[in-house]
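Breakdown of the fold
As a plain string of letters, each chain reads:
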Amino acid sequence: MTKDIFYGPDFDLLSKQDPEISSVLLSELKRQQTNLQLIASENFTSRAVLAALGSTLSNKYAEGYPGKRYYCGCEEVDKAENLAIERAKSLFGADHANVQPHSGASANIAVYQAFTKPGDTVLAMSLPHGGHLTHGSPVNFSGKWFNVVSYGVRQDTELIDYDELRDLAIANKPKMICSGATAYPSLVDFEKVRAICDEVGAIMWVDAAHFIGLVAGKAIPSPVPYADVVSFTTHKVLRGPRGGMILAKEAHAAAIDKAVFPGMQGGPIMSAVAGKAVALKECATPEYQKYAKDVIVNAQALCTALEGEGMRAVSGGTQTHLALIDIRGTGVNGKVADERCGNAGIVLNKNSIPFDPEKPGITSGIRVGTPATTTQGMGVEEMKIIASLISRAIRSEDPSVLAGIKSEVHALTSKFPIYNA
Ligand SMILES: *Cc1c(COP(=O)(O)O)cnc(C)c1O
């Protein structure tokens, strides 16, 4: 069937040697093929990326950087890392790229380390308004080791309040200002943030984890010309392997490299570095640029159709790959909606909305994203169908109705197969 994506013979070998794990691989593949993947941070990588990830580059220790390693035998992995670096610099027009961070959170640890000392003040987007854990959550290193002051969105527009951001910057004199979030459907005005950074002498850090793929596909404006440093993940819209990356101005290149290694990590995961190179090459194609634009068109269509189903789009819609939906109009909270959709084969997440009266474990909203369904080839017509499926699932208590919706989901996803032999 579809097992050839795991290298055919090698997968047979794994099945014989470890039937428990091989059956997990197969059933997870089936789950991805049959459900609707609307988690805004997930995507389906190409088989070429999976091939690089499953390669023998995983065996190689390569502490250091190309040409300056602490171990022998790095001549081949050096080529892979140099390709990833050159492709990243060229795709984003960046002075410097570090392709080694294991994840988005790791990349952010390196950014803090390159520009700040524990106790320093950093300004970042508030978590309840869409910021990420690494933007100062009290349960994360960022909130424990730094004095993170939060800015948020305006209650009337649900868009970033740049006046508040500027006032907070002047009052707190942060070393660094972070923009970028994990649940913000609109674009960030990088020019305004740059001006505020210049006014208070702060480093401009953009955490582009969510939207960098849209930048790569030239579908939205790039933060790279404005920011001192841009960190991101490679596995969201960008459609690469799970991992992180950092772009920086030349003046910060040495500080970033030192902060990643030896500052934060040991050896890089060279199979993932090769996978990042493969993904970056894919991102430079006209097909990917079309994909990035389609992701936004689909997100807007999904958002509009959900509004037609009696739900409210936070900030009036979306300009990106994700929408934040206030579902209070349905009488159901985010937690229940998430569970009901899950039982109907629709994989999305509950999400706080700005000024949410509910606790973070309950929430009044859901977050939906279109990177994965767009990779599958779905378009605006499918988004309308998906909105209706979501609405029916959210409003249904009856397990048999949810099971019925699940079979409609399976019928839809079977028309858009992924990873088929
Ligand atoms: C996803 C995300 C991260 C973290 O990425 P991981 O790879 O899960 O560590 C960091 N910042 C933002 C804004 C994100 O959306």
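Just so it is clear, the model here is predicted, and its values are computed rather than measured. (Residues numbered from 1 in each chain as written. Predicted model: local features only at pLDDT ≥ 70, side-chain atom pairs only at ≥ 80, totals over all residues. Heavy atoms only, no water.)

Scanning the protein from N- to C-terminus turns up 16 helices and 15 strands. The C-alpha radius of gyration computed for the protein amounts to 22 Å, which stays within 12% of the reference 22 Å derived for 421 residues, consistent with globular compactness. Taken along its principal axes, the extent of the C-alpha atoms in the protein is 60 × 60 × 40 Å. For the protein, with 421 residues in total, the buried portion stands at 55%. Counting only contacts in the protein whose residues sit at least 6 apart along the sequence, the fraction spanning at least 24 positions is 71%. Accessible area of the protein: about 17300 Å², with a carbon and sulfur share of 55%. Between the averaged position of the 41 positive side-chain charges in the protein and that of its 44 negative side-chain charges there is a distance of 2 Å. (Helix = DSSP H or I, 4+ residues; strand = E, 2+ residues; numbered from the N terminus. Rg over C-alpha atoms; globule rule 2.2 N^0.38 Å. Buried < 20%, exposed > 50% of the residue type's maximum accessible area, 1.4 Å probe, protein only. Contact = heavy atoms within 4.5 Å. Areas by Shrake-Rupley, 256 points an atom, 1.4 Å probe, with all protein chains shown as cover. Lys, Arg positive; Asp, Glu negative; His and termini not counted. Charge placed at Lys NZ, Arg CZ, Asp CG, Glu CD.)

So, about the sheet that holds strand S14 (residues 349-351). Taken in spatial order, the four strands line up as S11-S12-S15-S14 in an open sheet, and their pairing is antiparallel. On the outer flanks of this sheet lie strand S11 (312-313) and S14, each paired with one strand and no other. Bridge count for S14 against strand S15 (residues 365-369) is three bridges, and the pairing is antiparallel. Counterpart to asparagine 349 in the pairing with S15 is arginine 367. The sheet strands contacting helix H13 (residues 334-343) are S14 and S15, and the helix crosses S14 at an angle near 170 degrees. (Pairing = 2+ DSSP bridges. Axes fitted to C-alpha atoms, helices over the stretch in contact; angles between N-to-C directions.)

Turning our eyes to something else, we now look at the side chain of threonine 370. Residue position: threonine 370 is located in the loop between S15 and helix H14 (371-375). Once you skip the residues sitting within four places of it in the chain, threonine 370 turns out to touch Val295, Asn298, Ala299, Leu302, His321 and Met383.

Here we take up the site of the ligand. Taken together, 13 residues lie around the ligand, and Gly104, Ala105, Asp207, His210 and Lys236 are the ones closest in. The backbone of glycine 104 places a nitrogen or oxygen atom 2.9 Å from an oxygen atom of the ligand. Within the backbone of alanine 105, a nitrogen or oxygen atom sits 2.8 Å from an oxygen atom of the ligand. Out of a free accessible area of 380 Å², the ligand has 85% covered by protein chains. Looking at the shell around the ligand, the element that brings in the most residues is helix H5 (residues 104-115), giving three residues. A class-by-class count of the residues in the shell around the ligand yields three nonpolar, eight polar and two charged. (Near = heavy atom within 4 Å. Polar contact = N/O pair within 3.5 Å; in protein donor to acceptor, adjacent residues only side chain to side chain. Nonpolar A, V, L, I, M, F, W, Y, C, P; charged D, E, K, R; others polar.)

Per the counting criterion, the structure on display carries 10 aromatic pairs. Note on phenylalanine 92 and phenylalanine 232: the rings are 5.5 Å apart at their centroids and 55 degrees apart in plane angle, and the pair reads as tilted. On the criterion of sequence distance, the pair formed by phenylalanine 92 in helix H4 (residues 75-92) and phenylalanine 232 in strand S9 (residues 229-233) is long-range, its members being 140 residues apart. Ring centres of tyrosine 112 and phenylalanine 141 lie 5.3 Å apart, and the angle between their planes is 85 degrees; on these two criteria the pair is classed as edge-to-face. Of this pair, tyrosine 112 sits in helix H5 while phenylalanine 141 sits in helix H6 (residues 141-145), and the two are 29 residues apart along the sequence. For tyrosine 112, a relative accessible area of 1% corresponds to the buried category. (Phe/Tyr/Trp six-rings, centres within 6.5 Å; stacked < 30°, edge-to-face > 60°.)

Most of S15 sits out of view: five of its five residues are buried. Of the two faces of S15, the one lined by Gly365, Arg367 and Gly369 and the one lined by Ile366 and Val368 are each fully buried. With five bridges connecting them, strand S12 (residues 322-326) and S15 associate as antiparallel partners. What sits directly across from leucine 324, in S15, is arginine 367.

In short, geometric facts, not functional conclusions.
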